[in-house]
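Residues per chain, in single letters:
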Amino acid sequence: MSDKYPSDSGRRRFVKGVVGSAALSGVGVGGAATVNLATQPAGGGGGPTEFVGIQLQGGPAPRGMPYIPIEIEDNGDIRGVWPEAEEVTEDGVTFLQAEQEVGGRTYSTEWFQYCGRQQSEGIQPDADKDNYFRSVAPDDARHDWQAEQLDGGDTLNVEHFSDYETWGNEFGRDGVGKPAKATWRSDDVPEDEIVPVTVIRSTLIEEKAQRDDEVGQWYSAASSRGVIAYMNVCTHFCCVPGYKFSESAAQFDIADGVYCQCHQSQYDPFTPEFDTFVSLPRPD
Ligand code: FES
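Residue numbers run consecutively from 1 along every chain, following the written order of its sequence. The predicted nature of this model means local features are confined to residues of pLDDT at least 70 and side-chain atom pairs, given and counted, to a pLDDT of 80 or more, with totals for whole chains, interfaces and linings taken over all residues. With hydrogens and water set aside, each side-chain value is computed from the structure's full complement of heavy atoms.

## As for the overall build of the chain
Selection criterion: Counting from the N terminus, the helices are DSSP H or I runs at least four residues long and the strands are E runs at least two residues long. Exposure classes here rest on a 1.4 Å probe applied to the protein chains alone. A residue is buried below 20% of its type maximum, exposed above 50%, and partly exposed in between. Here, Shrake-Rupley sampling with a 1.4 Å probe gives the accessible areas, and only protein chains in the shown set may cover a residue.
For the chain, the count of helices and strands is three helices and 14 strands. Among the 284 residues that make up the chain, the fraction classed as buried is 58%. Element-wise, carbon and sulfur atoms account for 44% of the exposed surface of the chain, whose accessible area totals about 11,800 Å².

Below, the structure written as structure tokens:
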């Protein structure tokens, strides 16, 4: 049983995902800049979508990057939540939708339908995946600890982050949060369909999950033991940003946050952004 399901809290009830496995890392391109705001997509979901993401702090990106609510199993393995898919009909069009309530918000798999990821096999609502976060290969890791301790495809476990209260590198302050670069729902898919994610464990998240406001409500449901995850695809032009990874981040006062090296967008992974965007339709 996951530690996310205290018996006294009905609102933390998640629908568990189904079975599969995972893969490597990648950068995708596509669609975010070509959304037609006047068009309600037909046939594959999409359209105006409320989401929760890591907060945009500055730069040309239009919004934050979407969180992935997580759960931690008894053995410490970490995986993302994927709602159960169901058929819905709107305006005479029938399509699959997967959404559920998380922390007072409607969590939908449409959160990930931008930058070409709406084409990814793993982002289709009924795709049969196991939802575990899997480490990238050592050559793709952005932090020494991960390159030294994990092989590509290893399932991330909360024990990998056991020194999160003190971990640091040459960028920013120590003890802010320990990251890992991973993939999600991306087993056996072409490189341009891989879903890149970042998983971070932080005392800041543990503290904020205790708050008696919408921030606390979100983190108490979407995180566990200080662990968060987000899809690491910049909402500007789809690059894969870095957390505590770039010397240049300090120039933008984001040395302890997420910095996109392509056009200098900055994100705070420890502050939620409650926002709306136009998600793209999935292919029929
Ligand atoms: S700031 Fe342009 S792709 Fe990230």
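Picking up after the structure, the text goes on.
## Digging into unusual backbone geometry
The bulk of non-glycine residues show a negative phi, and the bulk of peptide bonds are trans. Notably, Arg225 is not glycine yet its phi reads approximately 50°, a positive angle. Position of Arg225 among the secondary structure elements: in the loop between helix H3 (214-222) and strand E11 (227-231). Not every positive phi belongs to a glycine, and Gln264 is a case in point at roughly 70°. Tracing the backbone shows Gln264 in the loop between strand E13 (258-259) and strand E14 (266-279).

## Observations regarding the state of the cysteines
Quick reminder of the rule: Throughout, a disulfide means two cysteine sulfur atoms within 2.5 Å of one another.
A full pass over the atoms with the stated rule returns two disulfides. Between Cys115 and Cys238 runs a disulfide, and the two sulfur atoms are separated by 2.0 Å. One disulfide, between Cys115 and Cys238, carries an S-S torsion of -85° and so falls in the left-handed class. Here Cys238 lies in the loop between E11 and strand E12 (242-243) and Cys115 lies in the loop between strand E7 (105-108) and strand E8 (133-135), a separation of 123 residues in the sequence. Taken as a pair, Cys115 and Cys238 share a single burial class, namely buried. The disulfide that involves Cys239 links it to Cys262, with 1.9 Å between the sulfurs. Taking the sign of the torsion about the S-S bond as the criterion, the disulfide between Cys239 and Cys262, at about -95°, is left-handed. In this pair, Cys239 is assigned in the loop between E11 and E12 and Cys262 in the loop between E13 and E14, connecting sequence segments 23 residues apart. Among the residues examined, Cys262 registers a relative accessible area of 31% and is labelled partly exposed.

## A closer look at the sheet that holds E8
Put simply, the rule is: In this description, strands pair whenever DSSP reports at least two bridges between them. Axes, fitted as lines to C-alpha atoms, cover a helix only where it is in contact. Angles between the N-to-C directions of the axes lie from 0 to 180 degrees.
Read across the open sheet, the four strands follow the order E8-E9-E10-E11; overall the sheet is antiparallel. Since the sheet does not close on itself, it has two edges, and those belong to E8 and E11, each with one partner. On average, each strand axis in the sheet is tilted by 40° relative to the strand beside it, whichever way the strands run. Across six bridges, the pairing between strand E9 (residues 178-184) and strand E10 (residues 196-201) is antiparallel. The residue bridging Ala182 from the neighbouring strand is Val197, located in E10.

## With respect to the sheet that holds strand E6 (residues 93-102)
If you trace the three strands from one edge of the open sheet to the other, you get E5-E6-E7, paired in antiparallel fashion. Looking at which strands have only one partner, the edges of the open sheet turn out to be strand E5 (85-90) and E7. If you compare each strand with its neighbour and ignore which way they point, the axes differ by 55° on average.

## Focus: the pattern of salt bridges
Basically, it comes down to this: A pairing counts as a salt bridge when a side-chain nitrogen of Lys or Arg comes within 4 Å of a carboxyl oxygen of Asp or Glu.
Applying the stated criterion to the full structure yields 10 salt bridges. Its salt-bridge partner being Asp256, residue Arg173 comes within 3.0 Å of it at the nearest N-O pair. Taken as a pair, Arg173 in the loop between helix H1 (144-149) and E9 and Asp256 in the loop between E12 and E13 lie far apart in primary sequence, 83 residues in all. Residue class for Arg173 comes out exposed when judged on its relative accessible area of 55%. Note that Arg211 is salt-bridged to Asp213, the shortest N-O span being 2.7 Å. Beyond isolated ion pairs, a larger network of salt bridges with shared partners links Glu71, Glu73 and Arg79.

## Regarding the environment of Arg79
Selection criterion: Polar contacts here mean pairs of N or O atoms no more than 3.5 Å apart (in protein, one a potential hydrogen donor and the other a potential acceptor; neighbouring residues in sequence count only if both atoms are side-chain atoms).
Mapped onto the fold, Arg79 is located in strand E4 (residues 78-80). Accessibility expressed as a relative area gives 8% for Arg79, which makes it buried. Residues Arg79 and Phe133, spaced 54 residues apart in sequence, show a C-alpha to C-alpha distance of 5.4 Å. A polar contact is formed between the side chain of Arg79 and the backbone oxygen of Asp130, at a distance of 3.2 Å.

## Some details on the pairing of E7
Here four bridges tie E6 to E7, and the two strands are oriented antiparallel to one another. Pairing of Val102 across the sheet is with Arg105, part of E7. What sits between E6 and E7 in their antiparallel hairpin is a turn of two residues, with Gly103 showing a positive phi close to 55°.

## Some thoughts on the environment of Gly45
Counted only if it meets this: Note on contacts: a residue pair is in contact if any heavy atoms of the two residues lie within 4.5 Å.
Following the sequence through the fold, Gly45 ends up in the segment before strand E1 (47-58). Classification of Gly45 by relative accessible area gives buried; the value is 4%. Between the C-alpha atoms of Gly45 and Glu90, which are 45 residues apart in sequence, the distance is 9.4 Å. For Gly45, the residues in contact, after removing those within four places along its chain, are Phe95, Glu110, Pro281 and Arg282.

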